[in-house]
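Close look at the chain arrangement
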Amino acid sequence: MEHSATFARLFARLVWLLVDQGESVEEQKLALRAVVAIGRHDAVRISVQDDVLYADGEVVLAVLPGVPELSARMAAAGLGEVNFDRQPAAGEMLGLARALSLVDPEAPDSAGLRHALDDLKATTLRFVMDGAELARSNGAEPAAAEAAVVAVAEPALVGDAAAPAAEAASPDAPRVEGLVPENSQGMFFQFSSIGTVKDSPEALLAHLARATDQAEKIRVLDDAVTLTETAAREGKAADVVDLMRGLVAQEADAPEGDVNRAFVMALRRLTKPLLLRTVAAQVVAAPDRGPDLMAILTRMGQDGAEAVIDQVSQAATTDARGALLQVLRQLEATVPALAHMLGDARWFVARNAADLLGELKATGAEDALVQLLRHDDERVRRSATNALMQLGSESARQAVRAAVRDGSPQVRMQAAFAIAAHRDPQTATTLIMAIDAEEDSDVQLAMLLALGRVGTPDAVERLIKAAEPAGGFFKKKPTAFRVAAVQALAEARSPAAQAALHALASDKDRDVRDTVIRLTKQARRR
C-alpha cells in the first residue's frame, strides 16, 4: 500500500499547489511529473468517506500537506471516489487537479465539478459522484479531450501550445512537451510526510549513496527528509546536522535530471525554521562541527543566514555572539538577508538588522541604510546613523552629516557624536553650522562635545568662542553651555585649546573655573 499512499499525497500536493501557489508553475510541473512517475507502477483508488481520505482503502494521514484540502474539495463536490488506471494520462490528472482546485469547500456543489469531468472525457480515470459511477469516455473524441485539457488546465503549465493532446486520451500517446520527461519513472515531488524510518542517519545516507535505481534513490531521499524532521522534533541536533550535511554533500554529486531536482526539492523542505534553528544553534553548542554547519547554512542561502541572525539576538555570552558573527561574516547571504529585514514593519527588527550591518561593516548595504535614515521611528534612524559611520566610506559619512538636521533631537545628537569620530575639516564645518542653527539646548551641548572630539583648528576656534564670557549685560551665556565648551576644549588637547583653558582658570564664573581646574588635574594624572 506504500505506492498508493505515496500517489495520493503527491496528487494532493498538486491540487494544493494549484490552489495556493498559482504562480509557482515550475513546482506545479514537478508535482505533475511526480504523479505521472509514481502512477506508472500500478492502479490506485482514492476515495473520501466522512471527510477522511483513503488510498486503496488505507487512511492517508490528514497532517500531510494538501491532504485535508483534497478531501474537503472532493467531499464538497460529491466526488466520492477516483480510480486511476496504471499509467494514467498526464493531461487527465492535470485536468482533474485543476477542476478540484476550483471547488469551494465551503459551498457544497457537485454540478460544477460534474460538468468539468464530463468535458474532460477521461479514458484513464473513472469517477464515482454522489454514489454513482460516471460514464467513462471511449476515447473516440480526441479533439474534445484536447479542448477539455486546455480549458481545465493552466495554460502555462501545459507547456508548448502545439504539443499533441493525445496524451490526454491515451497513456501510450506522445508526452506533453516539458511536462513528462523521458525516464521520469523515478521522479516524484518531495513534501512533508509523517512516517516511521527505522534506519540510523548513517545507514540511511549510505543507502542513499549506493542506490542506483532512480525510484529507489528518491524514495530513500524522502525517508531521509522525514528522519531529519523527526530528529528535530525529538531534539536530536547531531542527527539533524549529520543528515542535512549528508544530503548537501550528495546533492553536489547528483546527476542532472529527476534525481537532482528531487534533491533540490528535498532541501527546500528542510528550510523550515525548526530545522534551521537547530543547525544554527550548533554554531555555539558544537563548535567542532564548524565546517559541516557552514556547508549547510551556505546551501540554505538567506534562510540559513536568517537562522544565524536569530541566534545572535539570543546569544547569552560575548563569546557566543562573537562565534555567530564570525559565521555571518562568511555567509554570502548574510547581507541580503539583513537588508531585507531593514524593511520589516516591526521597528525593532529593522533596528537590530541595522546594528548588525554596521557591526559587520557590510558596505554592500550602504544604500539600504541611507534609505533607513528616513524611517518613521527615530530609534531605527539612530541605529542607521551608527551603522553608516561604521562602514567607513565617505558617502556614508556624508549621509550621516545630513542627519544632524534630523527632526528628532536624539537622532541629531547621535549623528553629531557619530561623525565626530572623523577628525576632518568638513565634519567641523558641519557641526559648527549645526550648533549655530540648533534650538535644543541639550543638542547644542552634545554638538560642542563632538567638536572637541574632532579637534581641528576650526573646531577649537569655535569652542574657544563658546567658552568665552559674553560681552554686554543682556548677552550672558548659560553656564552649562560654557562648561560644555570647556570640557570639549580639554578633549581637543591642542596647544590652542590648552592656552584657552589656562586663561579660563581665572574666569569669574565659579562653575567654569572649577571645571577647568578639575580637567587640568585629570590631564596631569594621565
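Cut-offs and rules
Residues numbered from 1 in each chain as written. Predicted model: local features only at pLDDT ≥ 70, side-chain atom pairs only at ≥ 80, totals over all residues. Heavy atoms only, no water. Salt bridge = Lys/Arg side-chain N within 4 Å of Asp/Glu carboxyl O. Helix = DSSP H or I, 4+ residues; strand = E, 2+ residues; numbered from the N terminus. Buried < 20%, exposed > 50% of the residue type's maximum accessible area, 1.4 Å probe, protein only. Axes fitted to C-alpha atoms, helices over the stretch in contact; angles between N-to-C directions. Parallel < 35°, antiparallel > 145°, perpendicular 65-115°, else oblique. Contact = heavy atoms within 4.5 Å. Nonpolar A, V, L, I, M, F, W, Y, C, P; charged D, E, K, R; others polar. Pairing = 2+ DSSP bridges.

**Digging into the pattern of salt bridges**
The final tally for this structure, using the stated rule, is 22 salt bridges. With its nearest N and O atoms 3.3 Å apart, the salt bridge here joins R114 to D130. Of this pair, R114 sits in helix α5 (residues 111-120) while D130 sits in the loop between β5 (125-129) and β6 (132-133), and the two are 16 residues apart along the sequence. Take R114: its relative accessible area is 28%, and that puts it in the partly exposed class. Its salt-bridge partner being R401, residue E394 comes within 2.8 Å of it at the nearest N-O pair. Judged by relative accessible area, which is 2%, R401 ranks as buried. The network of salt bridges with shared partners includes R9, D222, E229, R269 and K272.

**Comments concerning the packing of helix α18 (residues 347-359) against helix α20 (residues 378-391)**
A packed helix pair is summarised by two numbers, namely the angle formed by the two axes and the spacing between the axes. Where α18 contacts α20, the axes come no closer than 8 Å and their chain directions differ by 10 degrees. Regarding the angle of α18 to α20, the classification is roughly parallel. Two secondary-structure elements touch here, α18 through W347, A350, R351, A354, D355, L357, G358 and E359 and α20 through R379, V380, S383, A384, A387, Q390 and L391. When the residues that make up the contact of α18 with α20 are grouped by side-chain class, the tally is eight nonpolar, three polar and four charged.

**Things to note about the sheet that holds strand β2 (residues 52-55)**
Across the sheet, which stays open at both edges, the six strands sit in the order β3-β2-β1-β4-β5-β6 with antiparallel pairing between neighbours. Each edge of the sheet is formed by a strand with only one pairing partner; in this case those strands are β3 (58-59) and β6. In terms of strand pairing, β5 meets β6 through two bridges, oriented antiparallel. The residue of β6 that forms the bridge with V128 is E133. Along the sheet face, α5 touches β4 (79-84) and β5 and points at about 155 degrees away from the line of β5.

Nothing here speaks to function; it is all geometry.
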